[in-house]
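As a plain string of letters, each chain reads:
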Amino acid sequence: MMFSKKESNQRPLPSGGVRGGLKLIIAAIIAIIFIGTFVFLWKKSQPKEVVYSEFTPETTDIQKTTIITGIIEPRNEVSVKPQISGIIAELMKEPGQTVQAGEVIAKVKVIPDMGQLSSAESRVRLSEINLKQVETDFKRTENLYEQKLVSDEEYEKARQQLRQAREEKAAADDALQVVRDGVSKSNASASSTLIRSTISGVILDIPVKVGNSVINSNTFNDGTTIATVANMQDLIFRGNIDETEVGQLSIGMPMKITIGALQNLNFDASLEYISPKATQSNGANQFEIKAAMAVAEHGQIRSGYSANAEIVLAEAKQVLSVPESAIEFSGDSTYVYVLAGSSDKKLYNRQPVETGLSDGVNIEIKKGIKAGDKVRGPQIITDDNNE
């Protein structure tokens, strides 16, 4: 059978040739991966140059400070309490208002004790009986005196007894009014039913309402607080400091008070009290401190604000310093690495130094290096080092 030339050219290739081409491609890919991995591992195994940051010693001021957390409060906060027991009939003031000493804050309606009321009424009745008898005796003596039948001495004695009886009657009436109403006609201006502020200042709190029962202070009870009043122009900062730092404090040290609630408002203060006794707080010994604040009239300050006090524990002015990260600590000794020469490959010499005050960032160098030296700092970490 005869085939045409066209038909013979369209015959498929043998399957063995295709498989051979695929094998060559796969082998080439494996070789590339193997060579790339080898090159990568070889590069990683090569030592890289270590690069360090460098610092130049500077002359600066160094301060060691501490931050104390505490609160703002008035130096004197007075609780106004009633002198009698009763019920709040009226409140004349509200928290936040300013009062003067002696100004009325509230009025109390007296609820009399029945035993005291009965005794006072009995005293009034007895004084009336006694007064009537004395008046009768005086009239008799007066008539006899006009007839010159009694002496001047007896007449004066009778008149004195009449005065005493009238005074006893008035005193009994006053006592009854005080027991029944809490006030008498003779002492209305100093009535114990009117609760007055004992100091001039701002009312911080009125914890009672109209209708509340209140009691006066006695042996068995502190009494009900009608209002709390304080002078908000005489404020103190009160906080606690750790025992590791309290030994560096002294009375009169300046402080900087920051109140975060008032957009970081700052005030100057002076340390005026350090507690002689520690208190336990979270397993650590803490000492209470108080500082007098220099406060101009500022209506935004409120009692109980949280605040931070910054106090300088130690200070060194215009001293040579380097970052503390450049210092190597070895036992009781300290060292820095100083750049030696100016060759392309940087070499550093280990140099002992004497250090001083540190603020946690910079540290004072007393001797060992000079201002123009280049000091090695921490190693610079690059992306290559993180691979």
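Conventions we followed
Residues numbered from 1 in each chain as written. Predicted model: local features only at pLDDT ≥ 70, side-chain atom pairs only at ≥ 80, totals over all residues. Heavy atoms only, no water. Helix = DSSP H or I, 4+ residues; strand = E, 2+ residues; numbered from the N terminus. Buried < 20%, exposed > 50% of the residue type's maximum accessible area, 1.4 Å probe, protein only. Contact = heavy atoms within 4.5 Å. Areas by Shrake-Rupley, 256 points an atom, 1.4 Å probe, with all protein chains shown as cover. Core = buried A, V, L, I, M, F, W, Y, C linked by side-chain atoms within 4.5 Å. Salt bridge = Lys/Arg side-chain N within 4 Å of Asp/Glu carboxyl O. Lys, Arg positive; Asp, Glu negative; His and termini not counted. Pairing = 2+ DSSP bridges. Phe/Tyr/Trp six-rings, centres within 6.5 Å; stacked < 30°, edge-to-face > 60°. Lys NZ or Arg CZ within 6 Å of the ring centre and 35° of its normal. Patch = residues over 30% accessible without salt bridge, like charges linked within 9 Å, V, L, I, M, F, W, Y side chains within 5 Å.

Trainee: Would you take a moment to explain the overall build of the protein chain for this structure?
Mentor: If you tally the helices and strands in the protein chain, you get six helices and 21 strands. The buried share of the protein chain, taken over its 387 residues, is 29%. Counted over contacts in the protein chain with a minimum sequence separation of 6, partners at least 24 positions apart contribute 72%. For the protein chain, the accessible area works out to roughly 25300 Å², and carbon and sulfur atoms hold 51% of it.

Trainee: Explanation requested: unusual backbone geometry in the structure shown.
Mentor: For residues that are not glycine, phi is negative in most cases, and the peptide bond is trans in most cases. Even without a glycine there, the phi angle at K148 is positive, about 60°. Within the secondary structure, K148 sits in the loop between helix 3 (114-146) and helix 4 (152-181). Classification of K148 by relative accessible area gives exposed; the value is 73%. Positioned with a positive phi, Q318 is a non-glycine residue whose angle comes to about 50°.

Trainee: Explain the nonpolar core here, please?
Mentor: Most often, soluble globular proteins keep nonpolar side chains buried together rather than apart. Counting residues in hydrophobic clusters, the biggest one holds 27 residues, and the most contacted among them are I72, F237, L249, M255, I257, M293 and I311. Sorting the residues of this core by element identifies strand 2 (58-74), strand 11 (235-242), strand 12 (254-259), strand 13 (265-274), strand 15 (284-293) and strand 16 (306-323) as the ones contributing at least two each. Residues in contact with M293, not counting those within four places in the same chain, are I72, L235, I236, F237, I257, F267, D268 and A269.

Trainee: Looking at this structure, how should I read the pattern of salt bridges?
Mentor: If the charged atoms of two oppositely charged side chains come close together, the side chains can form a pair. Scanning the model with the defined rule gives 15 salt bridges in all. Across the pair K367 and E354 runs a salt bridge whose closest N-O atoms are separated by 3.8 Å. Of the two residues, K367 is situated in strand 20 (residues 362-367) and E354 in strand 19 (residues 347-358); the sequence distance between them amounts to 13 residues. A residue is classified by how much of its surface remains accessible, and E354, at 34% relative accessible area, is partly exposed. It is possible to trace a salt-bridge network through shared partners that takes in E73, R238 and E288.

Trainee: What should I look at first to understand the side chain of E364 in this one?
Mentor: By secondary structure assignment, the location of E364 is in strand 20. Buried E364, no salt bridge; nearest opposite-charge side chain is K366, N-O distance 5.2 Å. The residues touching E364, leaving out its near neighbours within four places in the chain, are I62, A316, V319, L320, S321, E354, T355, G356 and L357.

Trainee: I'm lost on the sheet that holds strand 3 (residues 77-80) in this one. Help?
Mentor: Two strands in a sheet stick together by hydrogen bonds in their backbones, pointing the same way (parallel) or opposite ways (antiparallel). Spatial ordering of the open sheet is given by 3-10-8-5, a layout of four strands whose pairing is antiparallel. Looking at which strands have only one partner, the edges of the open sheet turn out to be strand 3 and strand 5 (98-99). Where strand 5 and strand 8 (residues 201-205) come together, two bridges link them in antiparallel fashion. In the strand pairing of strand 8, T98 is matched with V202.

Trainee: Honestly, the sheet that holds strand 7 (residues 194-196) in this entry has me stumped. Any pointers?
Mentor: Spatially, 7-6-4-9 is the arrangement adopted by the four strands of the open sheet, whose pairing is antiparallel. On the outer flanks of this sheet lie strand 7 and strand 9 (213-214), each paired with one strand and no other. As defined by bridge partners, strand 4 (residues 86-91) adjoins strand 6 (residues 104-110) across five bridges and the pair is classed as antiparallel. Its bridge partner lying in strand 6, L91 is registered against A106.

Trainee: For this particular structure, what's the right way to read the pairing of strand 4?
Mentor: Taken residue by residue, a regular strand's side chains alternate between the two faces of the sheet. Of the strand pairs in this sheet, strand 4 and strand 9 are connected by two bridges, and their pairing is antiparallel. Considered in strand 9, the bridge of I87 is made with S213.

Trainee: I would appreciate a short explanation of the packing of aromatic side chains in the present structure.
Mentor: Ring pairs (aromatic) are described by centroid distance and by the angle formed between their planes. Summed over all chains, the structure comprises two aromatic pairs. Here F138 and Y155 contribute two aromatic rings whose centre-to-centre distance is 5.8 Å and whose plane-to-plane angle is 35°, an arrangement assigned as tilted. Note that F138 is positioned in helix 3 and Y155 in helix 4, a separation of 17 residues in sequence. On the basis of relative accessibility, which here comes to 10%, the residue Y155 falls in the buried class. Here Y145 and Y155 contribute two aromatic rings whose centre-to-centre distance is 4.3 Å and whose plane-to-plane angle is 15°, an arrangement assigned as stacked. Of the two residues, Y145 sits in helix 3 while Y155 sits in helix 4, which places them 10 residues apart along the sequence. Using a relative accessible area of 29% as the deciding quantity, one classes Y145 as partly exposed. Taken together, the aromatic side chains of F138, Y145 and Y155 make up a single cluster linked through ring pairs. One Lys or Arg, R350, reaches over the ring of Y335 and ends 3.7 Å from the middle of that ring.

Trainee: How should I be thinking about a nonpolar patch on the surface in this particular structure?
Mentor: Together, L22, I25, I29 and I33 make up a nonpolar patch on the protein surface, roughly 400 Å² of accessible area in all. You can see I29 is positioned in helix 2 (residues 15-45).

Trainee: Mind showing me how you'd approach the environment of S119 here?
Mentor: One can find S119 in helix 3. Between the C-alpha atom of S119 and that of A175, which follows or precedes it by 56 residues, the distance is 9.8 Å.

Nothing here speaks to function; it is all geometry.
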